[in-house]
Amino acid sequence: MGKHNFVTIADLSKEKILYMIKLAQEFEKHPNREILKGKVVATLFFEPSTRTRLSFETAANRLGTRVIGFSDAKVTSATKGETLKDTILMVSNYADAIVMRHYIEGAAQYASEVAPIPIINAGDGAHQHPSQCMLDLYSIYKTQGTLENLNICLVGDLKYGRTVHSLIMAMRHFNPTFHFIAPKELAMPNEYKIYCKEHNIKYVEHTAFNEKIINEADILYMTRVQKERFSDLMEYEKVKNVYILKNEMLNNARDNMKILHPLPRVNEIEYEVDTNPHAYYIQQAQNGLYAREAIICDVLGLSMDEIINDPTIIK
Ligand code: CP
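Presented here is a report on the structure given in the accompanying data block. Please read all numbers here as calculations on a predicted model, not as lab measurements.

Cut-offs and rules
- Residues numbered from 1 in each chain as written.
- Predicted model: local features only at pLDDT ≥ 70, side-chain atom pairs only at ≥ 80, totals over all residues.
- Heavy atoms only, no water.
- Pairing = 2+ DSSP bridges.
- Helix = DSSP H or I, 4+ residues; strand = E, 2+ residues; numbered from the N terminus.
- Right-handed = clockwise from strand over helix to strand, strands pointing away.
- Near = heavy atom within 4 Å.
- Polar contact = N/O pair within 3.5 Å; in protein donor to acceptor, adjacent residues only side chain to side chain.
- Areas by Shrake-Rupley, 256 points an atom, 1.4 Å probe, with all protein chains shown as cover.
- Nonpolar A, V, L, I, M, F, W, Y, C, P; charged D, E, K, R; others polar.
- Domains from an automatic or database assignment.
- Phe/Tyr/Trp six-rings, centres within 6.5 Å; stacked < 30°, edge-to-face > 60°.
- Buried < 20%, exposed > 50% of the residue type's maximum accessible area, 1.4 Å probe, protein only.
- Lys NZ or Arg CZ within 6 Å of the ring centre and 35° of its normal.
- Axes fitted to C-alpha atoms, helices over the stretch in contact; angles between N-to-C directions.
- Lys, Arg positive; Asp, Glu negative; His and termini not counted.
- Salt bridge = Lys/Arg side-chain N within 4 Å of Asp/Glu carboxyl O.
- Contact = heavy atoms within 4.5 Å.

### Considering the pairing of strand β7 (residues 202-206)
Point 1. Direction of pairing for strand β6 (residues 177-181) relative to β7: parallel, over a ladder of 5 bridges. Looking at the pairing, Ile181 lines up with His206 of β7.
Point 2. Where the polypeptide runs from β6 across helix α7 (residues 190-198) and back to β7, its parallel neighbour, the crossover connection is right-handed.

In structure tokens:
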């Protein structure tokens, strides 16, 4: 069997997505086990992270693996000019799988082509964030009971937000209607609108963010304006506070509506919303642990049967 990577959500069939959700459910029931005892997972973070790195490392620890890696490339030999290829080949000597976040779009795909061990993409520039997408899908499934036929509002930085790009691709199997809500400077890039057209995904574009749109939503997916991706900070200043979600905007939301956000938040959701019954972004981040346990086990070749019948489960 060939090496199994997790680089883009576009590779996953509907069956595979539903299978990964079932695996995540299994890990939510029993997160602690030693099914991967003796393995080593490397986390290589060339860009800052809180949730993705720590939840991958927690997932690996809860599965019984050891973890090596770095959270800041400045402490590595990349500062001496070592190439990404050489870094990946070196780490492949030490670990059984690599979780990598990199600021260059396509870096994870490149790493997967040179590495003899599985590569998990933990975010590549403004391109893709497939493990976030898995936890988003798991969160949507848990809160809606289905992934089918949902009205999903994507709000904020749709230009640089890699999580919304991945979500569009994953949802192509489930007949969604998307509402893209962004100022024109941060509008959904054409390549993703073309992708929607090619895959018969319905979408409507808006620049206004108001109750009328919120009231029709099943999922309200807020995003941060990504300061670090702007080459001109004056442009960032113009759009940084463009949409701010407040409690008063949620009075007539559907009962099932949940607010998701990949986090970190800056100021696009008021803190008062955190205790609103529609808020789900903190639980969403917790779901990342279970989704990432599923991803690590899957790339390392464990089957559903082996996971369900795992004798190392710690109850
Ligand atoms: N959602 C997410 O990727 O968060 P971090 O940047 O903290 O990993």
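Right, picking up where we left off after that structure.
### What about the site of the ligand?
Point 1. Near the ligand the following residues occur: Ser49, Thr50, Arg51, Thr52, Arg101, His129, Gln132, Pro262 and Leu263.
Point 2. The contact in question runs from an oxygen atom of the ligand to an N or O atom on the side chain of Ser49, over 2.6 Å.
Point 3. Between the ligand and Thr50, the relevant distance is 2.8 Å, taken from an oxygen atom to a main-chain nitrogen or oxygen of the residue.
Point 4. When the ligand is considered free in solution it has 250 Å² of accessible area, and contact with the protein chains removes 91% of it.
Point 5. Residue composition of the shell around the ligand, grouped by class: 2 nonpolar, 5 polar and 2 charged.
Point 6. Looking at which domains feed residues into the shell around the ligand, each of domain 1 (9-128 + 288-308) and domain 2 (130-284) gives three or more.

### Topic: the packing of aromatic side chains
Point 1. This model, assessed by the stated rule, comprises 6 aromatic pairs.
Point 2. Pairing Phe230 with Tyr236 gives two aromatic rings, centres 5.6 Å apart and planes at 70°, and the pair type is edge-to-face. Considered together, Phe230 and Tyr236 belong to a single accessibility category, that of buried residues.
Point 3. By way of ring pairs, the aromatic residues Tyr160, Phe230 and Tyr236 are connected into one cluster.
Point 4. Residue placement shows Arg265 over the ring face of Tyr271; its charged tip is 3.9 Å from the ring centre.

### With respect to the sheet that holds strand β5 (residues 151-155)
Working definition: the strands of a sheet are paired by backbone hydrogen bonds and lie parallel or antiparallel to each other.
Point 1. What the 5 strands build is an open sheet, ordered β7-β6-β5-β8-β9; its pairing is parallel. Each end of this open sheet is capped by a strand with a single partner; those strands are β7 and β9 (258-260). Strand-to-strand twist in this sheet, taken as the mean axis angle between neighbours without regard to direction, amounts to 20°.
Point 2. Bridging between β5 and strand β8 (residues 219-222) involves 4 bridges; their strand directions are parallel. Paired with Cys153 across the strands is Leu220, a residue of β8.

### What about the side chain of Arg172?
Point 1. On the secondary structure map, Arg172 appears in the loop between α6 (162-170) and β6.
Point 2. In this structure Arg172 is buried but unpaired, with Asp11 as the nearest side chain of opposite charge at 7.3 Å.
Point 3. In terms of polar contacts, Arg172 uses its side chain to reach the side chain of His173, at 3.3 Å.
Point 4. Only 3.3 Å separates the side chain of Arg172 from the side chain of Tyr195, close enough to count as a polar contact.
Point 5. With near-sequence residues (within four places) excluded, Arg172 lies in contact with Ile9, Ala10, Leu12, Tyr195, His199 and Ile201.

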